[in-house]
Structures are given as structure tokens and as C-alpha cells.
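Each chain, written out:
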Amino acid sequence: MAKKKDTKAKKKDSTKATKAVEAAATTWADALRVGEGFTLADVDPRSTPTFTGDKQAGKDALAAADAELDTLQEQLYAQSRAGGRRRVLLVVQGMDTSGKGGIMRHVVGSVDPQGVEHTAFKAPSVEEKKHPFLWRIRRALPGPGMIGVFDRSHYEDVLVVRVHDLVPPGQWKRRYATINSFEESLADDDVTIIKVMLHISPQEQKERLGERLERPDKHWKFNPRDLDEREHWADYQEAYQVLLERCSTERAPWFVVPADRKWYARLAVQQLLLEHLRGLDLTWPEADFDVEEQQARLAASEV
């Protein structure tokens, strides 16, 4: 009896959470999109734009949308088997500890892994340095029917290189226009681009780094270089502000997701992905064979 009550309670909470998402006054894309006059410093990293529920409601809403996300991903994949060329590229950027790994586990991890191509970009290898900065990016682009996920991306080449003076200023300044042209060509090639910046506060980062140092099971996540990068916080915020201004275009806009609350960041990225997939008007491809004929053959089969 108690089990039935628990099931009913969970179903009620899930329905409530779903309604909280549906009742939003605006779309997630509209609420989080970087537009004209955007200022990163004005975004509160602890805010929860377009969602009024609490942490539990956010977790319930995340779980409640898993089935739809899984179906849409499968439809995208199925259409490619019928000759469709559409694909999705989710770009996730953010300071260390901003929650990129959590997005991979809790959002991307909810769909069929065979329909996802995930790439985590680290410092360029010796081989990669021999080529233009977009060379390794092009090699990692998702194929038709796939959801490609970039954990960091080509934007490192106007972030890290700028902050640490790794290339002459004239070189990284030209990259904004190169990136815009590149992303425009992707959109022309049936790639839906979703660019997300996870916006975390320095105070929250300090707490998360402290937790990694305090817990032995988190030591593997800590890198002393994270503290070195933290010293350049202001420089990174300036670099992000410029790239958001220069590279948030109509066909490949940036979305800034407040990330101090992990549950909200995961929900927001999931909902952005859902909204973009819904916008593709995906359907199941029609059979390219006579269904009734094949049903008859199966019925007559003696095996």
C-alpha cells in the first residue's frame, strides 16, 4: 500500500514539475539568448530564468522530459537512415567546475549513446598545432542524424590563447569572423547549433574546488592548474564578454545559463536541446517497402 502511495506521489510531483516548465512565460531560448546589448556581468549565476520551481521540482522536470528527448533523438537518427542530413551540435563552454561533466551525464547521457558523438577538447596536440585552429573541430563534427557534443570547442582559440597571449593579438582577433563564417556554413549544411556558456560565480567555483580537495573520491577531478587559471578570472570574463558579443549570431546564437545551481543548469540545457529538436519537426520516416506484404510473409513463415 505504501508503495502505491509513493508511486502516486512521484507521479504527482512529476506532473507538477512538467507543468512548471510548460507554464514558463517565455521559451528557454528567448530567456537565455545573448542579444544586442548583452552584458555578462549583469547575469546572476544563481538565478533561474523562466523556471519558478525549487531544486526538487527542477530535478523532477529533468526526469520527466527524458522520454521526449530520447524519442526526438531517435527520430533524428532514424531520418538519417532514410537519407536525411540534419544533425545537432551542442557546444558547452564554461570555467573550470562550471558543470560541463554534469551536462554530459544528466542531459546527454539520457539518450541512446549510439546517436551521440562526444568530443572533449584539450590543449592542442603537436599534430593539431600544425594545422589551422578549425582543423580538429571539423574532424569532430557530427554525422547526419547525430547529436554532436563539444566539451569545450573552437572558442578556446579566442579564450585561452587571448588570456595567455599564446598567439599574436591580430591572429586571435581575426578568428571571430572566421568562426562566424564557419558556423554559418554549418547551418547551411543542416547543422542545428546550440552554444551554451555555463556561467558560474568565483565564489561557487571556490566551493567546488574546495570540495574536490576535501574529498578523497574527488581528488581525481582536481588539477593544480585550475588554481592557476582562477588567477585570471577577470581576464576570462572579459574574453567571454567579447566572444559573446562578436559570435552570437541569428543562426548560431549563444545562450548563457546561470550555473551556480547545478540542477538548474542541467534543466536549462536539456530544455534548450528539446526546444531545438522540436523545432526540426521530426517524424518517423515512412517505410520504403510494402508493410502489408511483409506482414503476410512473416505470418506465413514456418520458423
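Before reading on, note that the structure itself is shown above.
Below is a summary of the structure that appears in this document.

Considerations on the overall build of the protein
(1) Moving on: Broken down by element type, the protein carries 14 helices and 5 strands.
(2) Moving on: A compact globule built from 303 residues would reach a C-alpha radius of gyration of about 19 Å, and the protein, at 22 Å, matches this within 12%.
(3) Moving on: Judged by the C-alpha coordinates and their principal axes, the protein covers about 70 × 55 × 40 Å.
(4) Moving on: Summed over its atoms, the accessible surface of the protein is roughly 16,600 Å², and 50% of this surface lies on carbon and sulfur atoms.
(5) Moving on: Averaging the locations of the 46 positively and 49 negatively charged side chains of the protein gives two centres separated by 5 Å.

Digging into helix α10 (residues 202-214)
(1) Moving on: Between the first and last C-alpha of α10 there are 18 Å, a value that for 13 residues agrees with the 18 Å anticipated at 1.5 Å per step.
(2) Moving on: Of all the positions in α10, only Glu204, Gln205, Arg208, Leu209 and Arg212 are classed as buried. Around the axis of α10, the buried residues are gathered within 135 degrees of arc, so they sit on the same side. Residues of α10 that are exposed and angled more than 90 degrees away from the buried face: Gln203, Lys206, Glu207 and Glu214.
(3) Moving on: Its buried side turned inward, α10 meets α11 (224-230), α12 (233-247) and α13 (262-278).

Some details on the pattern of salt bridges
When the charged atoms of two side chains with opposite charge come close together, those side chains can pair.
(1) Moving on: Counted according to the given criterion, the structure contains 16 salt bridges.
(2) Moving on: Measuring nitrogen to oxygen at the nearest pair gives 2.8 Å for the salt bridge that ties Arg152 to Asp96. Of this pair, Arg152 sits in the loop between β3 (147-151) and α8 (160-163) while Asp96 sits in the loop between β1 (87-94) and α5 (100-106), and the two are 56 residues apart along the sequence.
(3) Moving on: Between Lys130 and Glu127 there is a salt bridge whose closest N-O contact spans 4.0 Å.
(4) Moving on: Bridged by salt links that share partners, the residues Arg85, Arg87 and Asp189 form one connected network.

Analysis parameters
- Within each chain, residues carry numbers counting from 1 in the order of the written sequence.
- Side-chain atom pairs in this predicted model are given and counted only at pLDDT of 80 or more, local residue features only at pLDDT of at least 70, and totals for whole chains, interfaces and linings cover all residues.
- The basis for every side-chain value is the complete set of non-hydrogen atoms in the structure, without hydrogens or water.
- Secondary structure counts use DSSP, requiring at least four H or I residues in a row for a helix and at least two E residues in a row for a strand, with both numbered from the N terminus.
- Atoms counted for the radius of gyration: C-alpha only. Globule rule: 2.2 Å times residue count to the power 0.38.
- The protein chains shown are the only cover counted for residues, whose accessible areas, like all others here, come from Shrake-Rupley with a 1.4 Å probe.
- When charges are counted, neither His nor the chain ends are considered; positive counts come from Lys and Arg and negative counts from Asp and Glu.
- We put the charge of a Lys on NZ, of an Arg on CZ, of an Asp on CG and of a Glu on CD.
- Expected helix span is computed as 1.5 Å times (number of residues minus one).
- When accessible area is computed with a 1.4 Å probe and restricted to protein chains, residues below 20% of their type maximum are described as buried, those above 50% as exposed, and intermediate ones as partly exposed.
- Our arc is simply the arc of the directions from the helix axis toward the C-beta atoms.
- What makes two residues a contact is simply this: any of their non-hydrogen atoms within 4.5 Å.
- Should a side-chain nitrogen of Lys or Arg be within 4 Å of a carboxyl oxygen of Asp or Glu, the pair is scored as a salt bridge.

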